[in-house]
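Listed below are the residues making up each chain.
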Amino acid sequence: MISLYHKVQKVESLQKSVDKDTKVFKRHACIECESFCAECCRYNDVTATSLEFLPFAWHAYKLGLLEQWLEDLEKNESQQCIFLRQDADKWGCKIYPVRGLICRLFGFSAITDKNGRPVYAACRILKQHRPETASRAGLYVVGGGKVPVISTYYRRLASIDPSTGNDFMPINQAIKKALEIVYFHCLYRESA
Ligand code: SF4
């Protein structure tokens, strides 16, 4: 059976490949996020898997922050991601380098239509504020331009660990579950 650390490494390597592919797509389709926008993190219905947050949980353990974040998540009642900065003078994700797969893909990826063809999934803000940019990126994809397809990366994620890689839940729950997996793993290892 694959060790927890090995799983963390495999998820990290998938995250790197997502970052590389979205970077290429952004360059070719000429799209970028609006400055200081984090609207996609404000959605109440973001779902994720615990597996994609395993590297985050591992780093939280290494930094000695795991139990604190578990407590914060236990007290949390909001549906918005707990790591979105809410202060007026600060912006963005508190755990950006170790954020999940969906956080990396959103806005720079495609879903597939009923025939399996990729359809660019522009974010709401881009569609509202720069509709011509969103439609140009859509046309780039229709014309055969290479685009990261969300389901492809989630299939690759699930191949690392089918049980946690296929189990989608609200993002805060997924983050909490990842922290619990690492917590109980380390507790067991320390008491063995
Ligand atoms: S983990 Fe970070 S990037 Fe992902 S939804 Fe939360 S605040 Fe946004």
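Structure's up top.
Structure report, in brief. (Residues numbered from 1 in each chain as written. Predicted model: local features only at pLDDT ≥ 70, side-chain atom pairs only at ≥ 80, totals over all residues. Heavy atoms only, no water.)

A few words now on the side chain of Thr133. Looking at the secondary structure, you find Thr133 in helix H7 (residues 131-142). Excluding residues that lie within four positions of it along the chain, Thr133 makes contacts with Cys30, Ile31 and Leu126. (Helix = DSSP H or I, 4+ residues; strand = E, 2+ residues; numbered from the N terminus. Contact = heavy atoms within 4.5 Å.)

The next thing to look at is the site of the ligand. The immediate surroundings of the ligand are formed by Cys41, Cys81, Phe83, Leu84, Cys93, Ile95, Arg99, Cys103 and Ile171. With respect to the detected pockets, the ligand is housed in the largest pocket. Grouping the constituent residues of the shell around the ligand by class yields 8 nonpolar, no polar and 1 charged. (Near = heavy atom within 4 Å. 1 Å grid on protein atoms, 1.4 Å probe; cavity = no way out; pocket = protein on both sides within 12 Å on 5 of 7 lines; lining within 4 Å. Sits in = over half its atoms within 2 Å of the grid points. Nonpolar A, V, L, I, M, F, W, Y, C, P; charged D, E, K, R; others polar.)

Under the definition given, this model contains 8 salt bridges. The shortest N-O distance in the salt bridge between Glu32 and Lys26 comes to 3.9 Å. Judged by relative accessible area, Lys26 falls into the partly exposed class, the value being 22%. Its salt-bridge partner being Lys177, residue Asp167 comes within 3.3 Å of it at the nearest N-O pair. (Salt bridge = Lys/Arg side-chain N within 4 Å of Asp/Glu carboxyl O. Buried < 20%, exposed > 50% of the residue type's maximum accessible area, 1.4 Å probe, protein only.)

Moving on: the packing of helix H1 (residues 4-29) against H7. It is the contact of H1 with H7, at a shortest axis distance of 9 Å, that shows an interaxial angle of 110°. Relative to H7, the element H1 lies roughly perpendicular. The two elements H1 and H7 meet at a crossing, and its hand is right-handed. Counting all contacts with H1, which are made through Phe25, His28 and Ala29, the residues of H7 involved are Arg136, Ala137, Tyr140 and Val141. Partitioning the contact of H1 with H7 into residue classes produces 5 nonpolar, 1 polar and 1 charged. (Axes fitted to C-alpha atoms, helices over the stretch in contact; angles between N-to-C directions. Parallel < 35°, antiparallel > 145°, perpendicular 65-115°, else oblique. Left-handed = near helix turned anticlockwise from the far one by under 90°.)

Bear in mind that shape data such as this cannot, by itself, settle questions of function.
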